[in-house]
Amino acid sequence: MTLGTLKTALNKDDDITLRRPRAEDGAAIWRLIASCAPLDENSMYCNLLQCDHFADTCVVAERAGEVVGWVSGYVLPDDSETLFIWQVAVSDAAKGKGLAKRLLAEVLERDACDGVTALKTTITADNEASWGLFTSFARRQGASLDREPYFRREAHFDGEHATEHMVTISFAEAARRAA
């Protein structure tokens, strides 16, 4: 299944529009993230910069003028074949419709991700929702998913945050070109 096919298959809620973020979305995205525990809250300014500087690799899901979903990401500066997904947030009102997978597929279809052959993200061991999302997304793509401890509790977080595991989804080259 190509990303385009996945996006169509998940288009179950036609009243939701996916689009590039605008600077004006920063505050709404910040509020959405705050409502989506256990996501780490960044400053509103950080979300504003993501909307402005990384619009080509971020996606907003909107229903009736309300932000109901968000994916932030960027192509790694030292590896143009890897998209790093920073956060995925879906409001309670939009959960259960495959929206998070649809948002990921949307980002990967963008021109900014033309050369991307891998997706990376970090997830704590206890974040069942994120593990489920990325495992399911990889499976639907026929892609492999690998994980390893990356930012460690003691070495990087001074004991204040759980270890973040680097998750790498490697897409088959042919499937990426066909998307």
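Our subject is the structure that appears above.
Scoring rules and cut-offs
Residues numbered from 1 in each chain as written. Predicted model: local features only at pLDDT ≥ 70, side-chain atom pairs only at ≥ 80, totals over all residues. Heavy atoms only, no water. Salt bridge = Lys/Arg side-chain N within 4 Å of Asp/Glu carboxyl O. Helix = DSSP H or I, 4+ residues; strand = E, 2+ residues; numbered from the N terminus. Buried < 20%, exposed > 50% of the residue type's maximum accessible area, 1.4 Å probe, protein only. 1 Å grid on protein atoms, 1.4 Å probe; cavity = no way out; pocket = protein on both sides within 12 Å on 5 of 7 lines; lining within 4 Å. Points joined across faces, edges and corners; volume = space filled by probe spheres on them. Nonpolar A, V, L, I, M, F, W, Y, C, P; charged D, E, K, R; others polar. Contact = heavy atoms within 4.5 Å. Axes fitted to C-alpha atoms, helices over the stretch in contact; angles between N-to-C directions. Parallel < 35°, antiparallel > 145°, perpendicular 65-115°, else oblique. Left-handed = near helix turned anticlockwise from the far one by under 90°. Arc of directions from axis to C-beta.

Draft legend 1. Examining the pattern of salt bridges more closely. Under the counting rule described, the total for this entry stands at six salt bridges. For Arg19, the salt bridge is made with Glu62, and the minimal N-O distance between the two is 3.1 Å. A residue pair is termed long-range when its members are at least 10 positions apart, and Arg19 in strand 1 (residues 16-19) and Glu62 in strand 2 (residues 59-63) qualify at 43 residues. Residue classification places Arg19 among the buried residues on the basis of a relative accessible area of 12%. Taking the shortest distance from any N to any O, the salt bridge between Arg20 and Asp56 comes out at 3.1 Å. You can see Arg20 sitting in the loop between strand 1 and helix 2 (26-34) and its partner Asp56 sitting in the loop between helix 3 (44-53) and strand 2, a full 36 residues away along the chain. On the basis of relative accessibility, which here comes to 43%, the residue Asp56 falls in the partly exposed class. Among the charged side chains, a salt-bridge network with shared partners connects Arg19, Asp25 and Glu62.

Draft legend 2. Geometry of the layout of surface pockets. Each pocket or cavity is described by its volume, and for the largest pocket that value is around 680 Å³. Together, 31 residues line the largest pocket, and Asp40, Trp86, Thr122, Ile123 and Glu164 are the ones closest to its centre. Tallied by class, residues from the lining of the largest pocket come to 15 nonpolar, nine polar and seven charged. Estimated volume of the second largest pocket: approximately 420 Å³. Lining the second largest pocket we find 20 residues, and of these Val90, Lys95, Ala100, Ala129 and Leu133 sit closest to its centre. For the lining of the second largest pocket, the secondary-structure elements that each account for two or more residues are strand 4 (79-90), helix 4 (99-109) and helix 5 (128-141).

Draft legend 3. Just the environment of Asp56, in detail. When the C-alpha positions of Asp56 and Arg20 are compared, they lie 6.6 Å apart, and in sequence the two are 36 residues distant. Look past the residues within four positions of Asp56 in its chain and what remains in contact with it is Arg20, Arg110 and Ala112.

Draft legend 4. Geometry of the packing of helix 4 against helix 5. At a closest axis distance of 10 Å, the pairing of helix 4 and helix 5 adopts a crossing angle of 55°. Taken together, the axes of helix 4 and helix 5 are oblique relative to one another. Considering the relative orientation of helix 4 and helix 5, their crossing is right-handed. Where helix 4 approaches helix 5, its residues Ala100, Lys101, Leu104, Ala105 and Leu108 are matched on the opposing element by Leu133, Phe134, Ser136, Phe137 and Arg140. Of the residues contributing to the contact of helix 4 with helix 5, the split by class is seven nonpolar, one polar and two charged.

Draft legend 5. Local environment of helix 3. Along helix 3, the residues that are buried comprise Cys46, Asn47, Gln50 and Cys51. Along the axis of helix 3, the buried residues cluster in a sector spanning 140°; they form a single face. Seen from the buried face of helix 3, the exposed residues on the opposite side, beyond 90 degrees, are Tyr45 and His53. On the buried face of helix 3, the contacting elements are helix 2, strand 3 (66-76) and strand 4.

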